[in-house]
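Architecture at a glance
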Amino acid sequence: MDFDDKLDELFIDLPEPSESVGFSVSTIRVGKMLFVGGVLPLAEGRVQSQGKVGVEIRLDNARLAARTAGVMTLAIVAKELGGSLSKIKRVVSLDAQVACAADFGDHLKVIDGASELFNQIFGPFGKHVRTVCGVTSLPKNACVQITTVFELK
C-alpha cells in the first residue's frame, strides 16, 4: 500500500509545518538519508501538553503528544519531499526526550505514541531503532520532542 493512501485510511491529515527559525533547518538530506530534528507536539500552531510527564501531564496525554509530534514529523517530511511520503523507503531511527520528574520511569510508553504511528503507516518499514531519555525541560515547555531519520528510495 502507498504510504499516502495509508494516511487517508487512518484519517490523518498532515498539518502545514512551521518554517525553520534561527540558525538551523528542520531537515537535512545526506545521500539517501533524511534527518528530521527536534519536532515538538504542535497542533494548530500550539504545543500540545505542556509540562512534565508524571507531574502536570498524565501518561496517556503524553503518549498522544508523542503521536502528535510524529504527525508533525511526517508533515515536515512530506513538505520536504514535494507533498508526498512515497519517496520514503523506511523509518531508520527515532530519538526522543520526555520532560519528566527524576523518578519517572515510563519513557518508553510515552514515545510508543510516535513509534506506533510510524508502524501503522509504514508497516514493516516503520520498525526502527529508538533511544528515549528523560530531561528536566524542553523548548516551549513541551512534554516530548522527537528526532527521526528516514531512508529514502
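Conventions adopted
- Residues numbered from 1 in each chain as written.
- Predicted model: local features only at pLDDT ≥ 70, side-chain atom pairs only at ≥ 80, totals over all residues.
- Heavy atoms only, no water.
- Helix = DSSP H or I, 4+ residues; strand = E, 2+ residues; numbered from the N terminus.
- Expected span 1.5 Å × (residues − 1).
- Bend = angle between axes of the 7 residues up to and from the residue.
- Buried < 20%, exposed > 50% of the residue type's maximum accessible area, 1.4 Å probe, protein only.
- Axes fitted to C-alpha atoms, helices over the stretch in contact; angles between N-to-C directions.
- Parallel < 35°, antiparallel > 145°, perpendicular 65-115°, else oblique.
- Left-handed = near helix turned anticlockwise from the far one by under 90°.
- Contact = heavy atoms within 4.5 Å.
- Nonpolar A, V, L, I, M, F, W, Y, C, P; charged D, E, K, R; others polar.
- Pairing = 2+ DSSP bridges.

1. Examining helix α3 (residues 107-122)
Between its first and last C-alpha, α3 extends 23 Å over 16 residues, near the 22 Å set by a 1.5 Å rise per residue. By the largest-angle criterion, Gly113 marks the main kink of α3, which is about 35°. Looking only at α3, the buried set comprises His107, Val110, Ile111, Gly113, Ala114, Ser115, Leu117, Phe118, Ile121 and Phe122. Gly123 sits one or two positions beyond α3 and adopts a positive phi of about 60°.

2. Some details on the packing of helix α2 (residues 59-80) against α3
Here α2 crosses α3 at 40°, and the two axes come no closer than 7 Å. Classified by the interaxial angle, the pair formed by α2 and α3 is oblique. Read as a crossing pair, α2 and α3 show a hand that is right-handed. Residue-level contacts link Leu59, Ala62, Arg63, Ala66, Arg67, Gly70, Val71, Thr73 and Leu74 of α2 to Lys109, Val110, Ile111, Asp112, Gly113, Ala114, Glu116, Leu117, Phe118, Gln120, Ile121 and Phe122 of α3. Its residues assigned to classes, the contact of α2 with α3 comprises 12 nonpolar, 4 polar and 5 charged.

3. Some words on the pairing of strand β6 (residues 129-135)
In the sheet, strand β5 (residues 88-99) pairs with β6 via 7 bridges, with the strands oriented parallel. Paired with Ser93 across the two strands is Val129, which belongs to β6.

4. A look at unusual backbone geometry
Backbone geometry at Phe11 places phi at a positive 60°, although glycine is not the residue there. With respect to the secondary-structure elements, Phe11 resides in the loop between α1 (3-9) and β1 (27-30). Despite not being glycine, Lys140 has its phi angle at roughly 55°, a positive value. Note on placement: Lys140 falls in the loop between β6 and β7 (144-152).

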